[in-house]
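Spelled out from the first residue to the last, the chains are:
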Amino acid sequence: MSLCENKDCKNDSNTISRISPKGLLIRNRNKTNSFIDAYRKYNYCKTCHDYLLRRVWENITVDN
């Protein structure tokens, strides 16, 4: 089993994700959010993956 991709974590990974540890979301010209490095797969432990997911949802804004 491989280690979690979070550089500060030493746990074994148990989740494969496409969320990059470098950058979560970018906004492109047509004002839609897209994932950076969405083509690559990353390995995370559950704790780190849940943390990244929370950060993604915190960064999403709804335009009225």
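This text goes with the structure placed above it.
So, how was this worked out
- Residues numbered from 1 in each chain as written.
- Predicted model: local features only at pLDDT ≥ 70, side-chain atom pairs only at ≥ 80, totals over all residues.
- Heavy atoms only, no water.
- Salt bridge = Lys/Arg side-chain N within 4 Å of Asp/Glu carboxyl O.
- Helix = DSSP H or I, 4+ residues; strand = E, 2+ residues; numbered from the N terminus.
- Buried < 20%, exposed > 50% of the residue type's maximum accessible area, 1.4 Å probe, protein only.
- Contact = heavy atoms within 4.5 Å.
- Core = buried A, V, L, I, M, F, W, Y, C linked by side-chain atoms within 4.5 Å.

(A) Structural detail: the pattern of salt bridges. This model, assessed by the stated rule, comprises one salt bridge. For the salt bridge of Lys 46 with Asp 50, the shortest nitrogen-to-oxygen distance reads 2.7 Å. Of this pair, Lys 46 and Asp 50 both sit in helix H1 (residues 46–59), four residues apart, roughly one helical turn. On the basis of relative accessibility, which here comes to 51%, the residue Lys 46 falls in the exposed class.

(B) A look at the environment of Ser 13. Looking at the secondary structure, you find Ser 13 in the segment before strand S1 (15–17). In the structure, Ser 13 is positioned 32 residues away from Cys 45 in sequence and 4.2 Å away in space, judged by C-alpha atoms. Apart from residues no more than four positions distant in its own chain, Ser 13 is found in contact with Met 1, Ser 2, Leu 3, Cys 4, Asn 43, Tyr 44 and Cys 45.

(C) Representation of the nonpolar core. In this structure, Cys 4, Cys 9, Ile 19, Tyr 42, Tyr 44, Cys 45, Cys 48, Leu 52 and Val 56 together form the largest nonpolar core, which totals nine residues. For this core, the elements supplying multiple residues, two or more each, are strand S4 (42–44) and H1. At three residues, the largest contribution of residues to this core is made by H1. Not counting residues up to four positions away in its chain, the partners in contact with Cys 48 are Cys 4, Asn 6 and Cys 9.

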